[in-house]
Amino acid sequence: MGEASHHATEAAGGPDSRRSSWPGWRGRAREWGLVVGSIKAARAGRGGVLLVEGPSGAGKSHLLGLAAAAAERSGLGVARGVADELTQLIPLAPLLSALGESDRTLFPGRNASVPGPADQRLQLLQELQEPLERLVADGPVLLTLDDVEWADPLTLLALRSMTSDLSSYPLVWMLARTIGRGDAPRLDCLFNVLEKEGATRLELAALDEPAVADVVTDVLGAAPEPDVLALASLAKGNPFLLVDLLEKLNSEGAFQVADGHVHMVSAGLPRVQAVTQERLAQLPVRTRHLLQAAAVLGRSFSVTDLAEMVGESTSGLLSMLEEAMAAGIVEATERELAFRHDLLWQAVVGTLPAAVRRALHHDAAEMLLRRGGSAVPAAAHLLHSAGRGDESALLGLDRAAREVLRSSPQTAADLATRALELSDPADPGWAGRAATAVDALTTIGRLPEAADLARTALGRAPPAQAPHLRCALAYILLLSGRPAEAESEAESLLAQDIPEDLRGIAEWTVFWGLICLNDFGRGRLRAEAVLADRARHTDAAVVGALLLLARLAMVDGRIADSFAHLHEAQRIANSGTVEAIQRPYARLLLSLNYRAMRQFGPSEIAIQDAEEEINALGLTVLAAGPALFRSVLRLAAGRFDDAAAEAKAGMMIADELGTHGFIRVGLSMLAFIAMRRGDIDTAVRHIERYHSINAASGMLFGSVWERWVMAAVAEAQGDPERAIDILHAIYTDQEERRWALTTTPLTASWMTRLALATGNRPYARAIVDTAESLARNNPDFPCLAVTAAHARGLLRQDPGALASAVTDQPEPWARASAAEDLGVLLAARPGTAAREQAVNSLDQALDGYQHVGALRDAARVRSRLRALGVRRRHWAQPPRPSFGWDGLTDTEREVAVLVAQGLTNRQAAARMFLSPHTVSTHLRRIFTKLDIGSRVDLARIVTERCPDALRDA
């Protein structure tokens, strides 16, 4: 804001200064106060996010600069980055620049040799987050990003992820955007999400009249008369335009100062835009032309690039650059030159006729492509200059799209689809561009577009490329929850003479499609044929056959056979030649089997191994799965808070990456937990949101769990008949029943109880018969006998069976449920002894429910005890408080101790076999319960509560 701005930081004092207005910085008292507050909070150990937005010239960059200076004086580390229209295709460019890693190469990436749809986004975010986490672990940091409207999609994903994951650190983010530019919808979504999670918006509106008068006084050194204020009003409160106007006219003698007041020498009022144009017009022609060429290179530019563009030596540019800098149009930065303000840059660009601008962009692209290396920087110019059928430009766009396909598939999709628009229909490269676009669209979850484009491309692709497109289409349909169509596409591909690798993928797709369809009749014959003649089939086909037979064995109630098939599939996947997408499935299915059989330790290990493989291979489509699998494990262990934290972590990953089917799974988990806690309204809201998401269910999660949740919530709402309808297929179909009782064993007693309560005794008998058959045929898995005993005890009113279920049940909630059922049965029998036994069983149930936080169930048991004339026992464990140290779960306490010992989130996650997302979710809950805002506060509390833990560390 003029010469006075050079002294702004000194005048500001520091974050302890109470001054909110000074020469060079007027009318922003509230905004500066928020910045000062954030810096103070960081010094105290708390982080935060400030979202700065306003029109061009409102002072966003100036605010970021003042904040950086104040933060440095206060001892904070400072990292500063800026996005640019012509670098928005380079993944993570602004953040890499802020962290001093702008020379780092992200292409082609360590997974370039991995077959299949490897997606490096998660890996790149992890590699970026680690140095930032180490930096902020050493002390508070302010990280500013300017012009984020030009940020690339991966940077936006990183901001969405890291602001949440690092929220427990003393890290202040300041993100500034110019309203109305760039990818506004995507950026609006990011800002709205961050604001919902606690970020503060700073909207830099137009300066009010007093602030404008102050600016005039600062620039001209005297109080303005009405005619000067009328002139100032032409800038409409825009600080940059106001100062630029005043300084330009002042240099031309347009003002006169007398008696401490300033007035106009002439009565005429200029147009504000004309002042900027006049500033340019006064430059020599050669300098204006040089600036026009520089403007095409971007808001900031390399002198070397500019010299090559105009065919001059660097020394030959010196006089012209000096003129541009003296005129206040260009200024020096640390490595490059830059236009002093975005409005000046736009003004220079605006002097170029459209045809000339396109030609200059074409020259810039050719210059960058000639150098070799990455084609991505040139692609930004190609998007501005390429015309239809421009073969050289199309080849450049093709190269750039392939380079960023795995690191930034959104950018790859944009580049490839633009190249398709510019291609002639007869262009031999059209099908290859379409294939790249299909892969990119698939990775980012735009499945309908990917499927439509794949079908279009199949009609135009040469015979050599058609099988690859058909294979991609089958995979897209599988992800879209359309397994029948996926299986049909794969079958048509297998009818052709195709390469062996594609044949393996197609056969695997057929098998997984049949699994999703529960079509085990056809699947069994096909799988057995593959295993009978393995030499004629690929490893991928063998793995697919084994996975199907493993699922079929569970449906048939042959648990040991299912485990055997999965262990063999895992062995082949580890050592054979299978596609990346096929490798984690055996481990994930093993984790489900172990969990169903109550073998929680092996299930945890299988999930951890699968998660490491998913991250290493870039399998974004499965990235949210491990957290949700852990959620089910925590629920089985009676750790509701931990289960909810895992579900939320999985949903966050799914939301970030666009795998919305997993969000549905997470919502079903949260609905079930809310229902158990007695919060039926929240459970219903989760169910409503579940139904509002138009996505296929998360891969590997069948419908049994989600149907049971829907039924449980319906029953909790007082509508048991609707619950019966939801579970009708399980009650009436033997195959569905076996599948439900093997994969979700708790359904046996619950469905038996529901059937008896609604007068459907045949339904209850069918459940019990199936449960007993499964237990009889699988003696090596005793949990099935416990399940059968509980269901049998309900049907036959057998206290002995219920008592054995109470004794042998490994799950806390299920054990309490069996104790409640036993208490209800005994309470209905005559005699004092039966009544005392009933009270003891109900007390045991109450204690169990309260221990896991099943408040709705606990309330029901208290009601049953009151009916027997008994109040709650004094020795019964009180419910965990909502706040304070005693309100922390065991997992939260472990996280708290590790963080207090100085471990980063990632280190704590590795120690606890969790994801960093989950650790950050736990930390947010810990901070809320303890009413603190920093790791410093947490360390103090842990020191008070657990001094031995820190001493041992």
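Here, the structure is the one placed above.
First, a word on scope: everything that follows refers to the structure included in this document.

What counts, and where the lines are drawn
- Residues numbered from 1 in each chain as written.
- Predicted model: local features only at pLDDT ≥ 70, side-chain atom pairs only at ≥ 80, totals over all residues.
- Heavy atoms only, no water.
- Helix = DSSP H or I, 4+ residues; strand = E, 2+ residues; numbered from the N terminus.
- Rg over C-alpha atoms; globule rule 2.2 N^0.38 Å.
- Buried < 20%, exposed > 50% of the residue type's maximum accessible area, 1.4 Å probe, protein only.
- Contact = heavy atoms within 4.5 Å.
- Areas by Shrake-Rupley, 256 points an atom, 1.4 Å probe, with all protein chains shown as cover.
- Lys, Arg positive; Asp, Glu negative; His and termini not counted.
- Charge placed at Lys NZ, Arg CZ, Asp CG, Glu CD.
- Pairing = 2+ DSSP bridges.
- Salt bridge = Lys/Arg side-chain N within 4 Å of Asp/Glu carboxyl O.
- Polar contact = N/O pair within 3.5 Å; in protein donor to acceptor, adjacent residues only side chain to side chain.
- Axes fitted to C-alpha atoms, helices over the stretch in contact; angles between N-to-C directions.
- Parallel < 35°, antiparallel > 145°, perpendicular 65-115°, else oblique.
- Left-handed = near helix turned anticlockwise from the far one by under 90°.
- Nonpolar A, V, L, I, M, F, W, Y, C, P; charged D, E, K, R; others polar.
- 1 Å grid on protein atoms, 1.4 Å probe; cavity = no way out; pocket = protein on both sides within 12 Å on 5 of 7 lines; lining within 4 Å.
- Points joined across faces, edges and corners; volume = space filled by probe spheres on them.
- Expected span 1.5 Å × (residues − 1).
- Core = buried A, V, L, I, M, F, W, Y, C linked by side-chain atoms within 4.5 Å.
- Right-handed = clockwise from strand over helix to strand, strands pointing away.
- Phe/Tyr/Trp six-rings, centres within 6.5 Å; stacked < 30°, edge-to-face > 60°.
- Lys NZ or Arg CZ within 6 Å of the ring centre and 35° of its normal.

A word on the overall build of the protein
Part 1 of the argument: Counting its secondary structure elements, the protein contains 49 helices and 11 strands.
Part 2 of the argument: Over its C-alpha atoms the protein spans a radius of gyration of 33 Å, differing by no more than 12% from the 30 Å that the globule rule assigns to 953 residues.
Part 3 of the argument: Buried positions account for 58% of the 953 residues belonging to the protein.
Part 4 of the argument: Pairs at least 24 apart in sequence give 69% of the contacts found in the protein among residues at least 6 apart.
Part 5 of the argument: If you sum the accessible surface of the protein, you get close to 37,500 Å²; carbon and sulfur atoms cover 51% of it.
Part 6 of the argument: Charged side chains in the protein number 99 positive and 116 negative. The centres of these two groups are separated by 6 Å.

Things to note about the sheet that holds strand β9 (residues 300-301)
Part 1 of the argument: Read across the sheet, 3 strands follow the order β9-β11-β10 without closing on themselves; strand pairing throughout is antiparallel. Of all the strands in the sheet, just β9 and β10 (330-332) have a single pairing partner and so form its edges.
Part 2 of the argument: Of the strand pairs in this sheet, β10 and strand β11 (residues 337-339) are connected by 3 bridges, and their pairing is antiparallel. Counted as the bridge partner of Glu-331 is Ala-338 from β11.

Focus: the pattern of salt bridges
Part 1 of the argument: For the structure on display, the rule yields 55 salt bridges.
Part 2 of the argument: Of the charged contacts, one joins Glu-308 and Arg-370 as a salt bridge, the two residues approaching to 3.8 Å between their closest N and O atoms. Here Glu-308 is found in helix α13 (residues 303-310), whereas its partner Arg-370 is found in helix α16 (residues 354-370), with 62 residues between them in sequence.
Part 3 of the argument: Residue Arg-893 pairs with Asp-886 through a salt bridge whose shortest N-O separation is 3.8 Å.
Part 4 of the argument: Overall, the relative accessible area of 28% leaves Arg-893 in the partly exposed class.
Part 5 of the argument: Several salt bridges share partner residues, and in doing so they unite Glu-53, Arg-177, Asp-188, Glu-195 and Arg-201 into one network.

Observations concerning helix α37 (residues 734-743)
Part 1 of the argument: Within α37, 7 of the 10 residues are buried, which leaves the element mostly enclosed by the surrounding structure.
Part 2 of the argument: Those residues of α37 lying buried are Arg-737, Arg-738, Trp-739, Ala-740, Leu-741, Thr-742 and Thr-743.
Part 3 of the argument: The residue sitting at the N-terminus of α37 and contributing the capping side-chain oxygen is Asp-733; that oxygen lies 3.0 Å from the backbone nitrogen of Glu-735.

As for the packing of α13 against α16
Part 1 of the argument: The contact between α13 and α16 brings their axes to 10 Å, and the two run at 115°. Considering the angle they form, α13 stands roughly perpendicular to α16. The two elements α13 and α16 cross, and the hand of that crossing is right-handed. Judged by residue contacts, Asp-305, Glu-308 and Met-309 of α13 engage Leu-360, Asp-363, Ala-364, Met-367 and Arg-370 from α16.
Part 2 of the argument: Looking at the contact of α13 with α16, its residues break down into 4 nonpolar, no polar and 4 charged.

A short note on the layout of surface pockets
Part 1 of the argument: Its boundaries defined by the atoms lining it, the second largest pocket holds a volume of some 1,200 Å³.
Part 2 of the argument: Forming the boundary of the second largest pocket are 38 residues, of which Ser-164, Lys-196, Glu-197, Met-652 and Arg-924 lie nearest the centre.
Part 3 of the argument: Top contributing element to the lining of the second largest pocket by residue count: helix α47 (residues 916-930), with 7 residues.
Part 4 of the argument: Looking at the lining of the second largest pocket residue by residue, the class counts come to 15 nonpolar, 13 polar and 10 charged.

What about unusual backbone geometry?
Excluding glycine, most residues fall at negative phi; most peptide bonds, likewise, are trans.
Part 1 of the argument: Backbone geometry places Leu-92, a non-glycine residue, at a positive phi of 65°.
Part 2 of the argument: By secondary structure assignment, the location of Leu-92 is in the loop between β2 (77-82) and α4 (93-98).
Part 3 of the argument: Backbone geometry at Asp-259 places phi at a positive 55°, although glycine is not the residue there.

Structural notes on empty space enclosed by the protein
Part 1 of the argument: Enumeration according to the criterion identifies 4 cavities of 30 Å³ or more in this entry.
Part 2 of the argument: In this structure, the second largest cavity encloses a volume near 180 Å³.
Part 3 of the argument: Elements that contribute at least two residues to the lining of the second largest cavity include exactly α30 (625-636), α32 (660-676) and α34 (703-716).
Part 4 of the argument: Here the element with the most residues in the lining of the second largest cavity is α30; it accounts for 3 residues.
Part 5 of the argument: Taken together, the residues of the lining of the second largest cavity break down into 10 nonpolar, 1 polar and 4 charged.

Notes on helix α5 (residues 121-137)
Part 1 of the argument: If you check α5, its first and last C-alpha atoms are 24 Å apart, about what 17 residues at 1.5 Å a residue would give, namely 24 Å.
Part 2 of the argument: If you check which residues of α5 are buried, you get Arg-121, Gln-123, Leu-124, Leu-125, Glu-127, Leu-128, Gln-129, Leu-132, Glu-133 and Val-136.

Examining the nonpolar core
Part 1 of the argument: Counting residues in hydrophobic clusters, the biggest one holds 267 residues, and the most contacted among them are Leu-95, Trp-173, Phe-339 and Leu-547.
Part 2 of the argument: For Phe-339, the contacting residues outside a window of four places in its chain are Leu-291, Ala-294, Ala-295, Gly-298, Arg-299, Phe-301, Ile-329, Val-330, Trp-345 and Val-348.
Part 3 of the argument: Counting residues in hydrophobic clusters, the runner-up holds 24 residues, among them Val-215, Ala-254, Leu-343 and Leu-344.

Here's the deal with the pairing of strand β3 (residues 141-146)
Part 1 of the argument: Counting buried residues along β3, 6 of its 6 residues qualify, which places the element largely inside the surrounding structure.
Part 2 of the argument: A two-sided burial pattern is seen for β3, the buried positions comprising Val-141, Leu-143 and Leu-145 on one face and Leu-142, Thr-144 and Asp-146 on the other.
Part 3 of the argument: The pairing of β2 with β3 spans 6 bridges and is parallel. Paired with Ala-79 across the two strands is Leu-143, which belongs to β3.
Part 4 of the argument: Bridge count between β3 and strand β4 (residues 171-178): 5 bridges; the pairing is parallel. The partner of Leu-142 across the bridge, within β4, is Val-172.
Part 5 of the argument: Crossover connection from β3 via helix α6 (residues 153-165) to parallel β4: handedness right-handed.

Observations regarding the sheet that holds strand β6 (residues 223-224)
Part 1 of the argument: Across the sheet, which stays open at both edges, the 3 strands sit in the order β6-β8-β7 with mixed pairing between neighbours. Here the strands that pair on one side only, and so sit at the sheet edges, are β6 and β7 (255-258).
Part 2 of the argument: Both β6 and strand β8 (residues 261-264) contribute to a ladder of 2 bridges, which runs parallel. Within the sheet, the bridge partner assigned to Pro-224 lies in β8 and is Val-262.

Details of the packing of aromatic side chains
Part 1 of the argument: Per the counting criterion, the structure on display carries 12 aromatic pairs.
Part 2 of the argument: Geometrically, the ring pair formed by Trp-512 and Tyr-585 is edge-to-face, given 4.7 Å between the ring centres and 70° between the ring planes. Taken together, the residues Trp-512 in helix α24 (residues 500-517) and Tyr-585 in helix α28 (residues 585-596) connect sequence positions 73 residues apart. Just as Trp-512 is buried, Tyr-585 falls in that class too.
Part 3 of the argument: Between Phe-563 and Tyr-594, the ring centres sit 5.0 Å apart and the planes meet at 45°, which makes this aromatic pair tilted. Separated by 31 residues along the polypeptide, Phe-563 in helix α27 (residues 559-575) and Tyr-594 in helix α28 bring together distant segments of the chain.
Part 4 of the argument: Assessed through its relative accessible area of 8%, Phe-563 is described here as buried.
Part 5 of the argument: Taking NZ or CZ as reference, Arg-935 lies 3.7 Å from the ring centre of Tyr-169, over its face.

Section: the packing of helix α12 (residues 285-297) against α16
Part 1 of the argument: Two elements in contact, α12 and α16, have axes separated by 9 Å at closest approach and are oriented at 65°. For the element pair α12 and α16, the recorded crossing hand is right-handed. Here Gln-292, Val-296 and Leu-297 of α12 lie close against α16, whose contacting residues are Leu-360, His-361, Ala-364 and Met-367.
Part 2 of the argument: When its residues are assigned to classes, the contact of α12 with α16 shows 5 nonpolar, 2 polar and no charged.

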